[in-house]
Amino acid sequence: MDIDFIQSQSIALKERLLAIDPALFAAYGKDFVDYVQVYQETIDNVLPRYVGIIYRTCARRPSDISLLDFGGGTGILSFLAKLCGIGFVCYMDFDRNQTEGSRQLALALNIPVDDFITGSYE
């Protein structure tokens, strides 16, 4: 997997994310809705960092890699990892609303993250 492929997947993710109405996720709390809106507004600053993470750590044999998105927030890193072909992606956040909101956001974006866990490293 080369950097151009990862960047093309980040563009596809950006387009999908910007097409989502954050209000659809009101059931997961105002904080989650606000978080999605912030990501939509700052996506051009966020995605290049995630592209770099995936390129530096996962580019060689992506289907053989498992990724734990610890402190996953809205799940953007998890989503990009799946779009890039990472073999197993697990999203994890300590906040149940974040986890459930991210699970629903993944469904709305049609991105099959492998697992969603609410908890901490302990």
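All figures in this text were calculated on a predicted structure; none of them were measured in a lab.

Cut-off values and rules
- Residues numbered from 1 in each chain as written.
- Predicted model: local features only at pLDDT ≥ 70, side-chain atom pairs only at ≥ 80, totals over all residues.
- Heavy atoms only, no water.
- Core = buried A, V, L, I, M, F, W, Y, C linked by side-chain atoms within 4.5 Å.
- Buried < 20%, exposed > 50% of the residue type's maximum accessible area, 1.4 Å probe, protein only.
- Helix = DSSP H or I, 4+ residues; strand = E, 2+ residues; numbered from the N terminus.
- Contact = heavy atoms within 4.5 Å.
- Phe/Tyr/Trp six-rings, centres within 6.5 Å; stacked < 30°, edge-to-face > 60°.
- Patch = residues over 30% accessible without salt bridge, like charges linked within 9 Å, V, L, I, M, F, W, Y side chains within 5 Å.
- Areas by Shrake-Rupley, 256 points an atom, 1.4 Å probe, with all protein chains shown as cover.
- Salt bridge = Lys/Arg side-chain N within 4 Å of Asp/Glu carboxyl O.
- Pairing = 2+ DSSP bridges.
- Axes fitted to C-alpha atoms, helices over the stretch in contact; angles between N-to-C directions.
- Expected span 1.5 Å × (residues − 1).

**So, the nonpolar core**
Of all hydrophobic cores here, the largest spans 32 residues; its most connected members are Leu-13, Ile-54, Ile-76, Phe-79, Leu-80, Leu-105 and Val-113. Considering every element that reaches this core, the biggest residue donor is helix H2 (residues 30–58), with ten residues. Ignoring sequence-local partners within four residues, the contact set of Phe-79 consists of Leu-13, Thr-74, Ser-102, Leu-105, Ala-106, Leu-109, Ile-111 and Val-113.

**Some remarks on the packing of aromatic side chains**
Counting across every chain of the model gives three aromatic pairs. Ring geometry for Phe-25 against Phe-32: centres 6.1 Å apart, planes inclined by 75°, an arrangement best described as edge-to-face. For the pair Phe-25 and Phe-32, one class covers both residues: buried. When the ring of Tyr-91 is compared with that of Phe-116, the centres are 5.3 Å apart and the planes differ by 45°; the resulting orientation is tilted. Taken as a pair, Tyr-91 in strand E2 (residues 88–93) and Phe-116 in strand E3 (residues 115–118) lie far apart in primary sequence, 25 residues in all. Residue classification places Tyr-91 among the buried residues on the basis of a relative accessible area of 0%.

**Quick word on a nonpolar patch on the surface**
Taken together, the side chains of Leu-68, Phe-70 and Tyr-121 define a hydrophobic patch exposed on the protein surface, amounting to about 380 Å² of accessible area. Relative to the helices and strands, Phe-70 is located in strand E1 (residues 66–70).

**Some points on the pattern of salt bridges**
Within this structure, the stated rule accounts for four salt bridges. One salt bridge in this structure joins Asp-44 and Lys-14, with 2.7 Å as the shortest N-O distance. Taken together, the residues Asp-44 in helix H2 and Lys-14 in helix H1 (residues 3–18) connect sequence positions 30 residues apart. For Asp-44, a relative accessible area of 51% puts it in the exposed group. When its relative accessible area of 26% is taken as the criterion, Lys-14 is described as partly exposed.

**Digging into the sheet that holds E3**
Overall, parallel pairing links the three strands, which are arranged E1-E2-E3 in an open sheet. Edge positions in the sheet fall to E1 and E3, since each has one partner strand and no second. On average, adjacent strands in this sheet sit at an angle of 20° to one another, irrespective of strand direction. Where E1 meets E2, five bridges bridge the pair, whose relative direction is parallel. Paired with Leu-68 across the two strands is Cys-90, which belongs to E2.

**Examining the side chain of Ser-102**
Along the chain, Ser-102 falls in helix H4 (residues 96–109). Beyond its immediate stretch of four places on either side in the chain, Ser-102 contacts Phe-32, Gly-73, Thr-74, Gly-75, Phe-79, Tyr-91 and Phe-116.

**Considerations on H1**
Its 16 residues place the ends of H1 22 Å apart at the C-alpha level, agreeing with the 22 Å of an ideal helix rising 1.5 Å per residue. The inward-facing, buried residues of H1 abut H2, helix H3 (76–83) and H4.

**Re the environment of Ser-63**
The residue Ser-63 is located in the loop between H2 and E1 in this model. For Ser-63, a relative accessible area of 56% gives the class exposed. Taking the C-alpha atoms as reference points, Ser-63 and Gly-87, separated by 24 residues in sequence, lie 4.0 Å from one another. With sequence-adjacent residues up to four places away left out, Ser-63 is seen in contact with Gly-85 and Gly-87.

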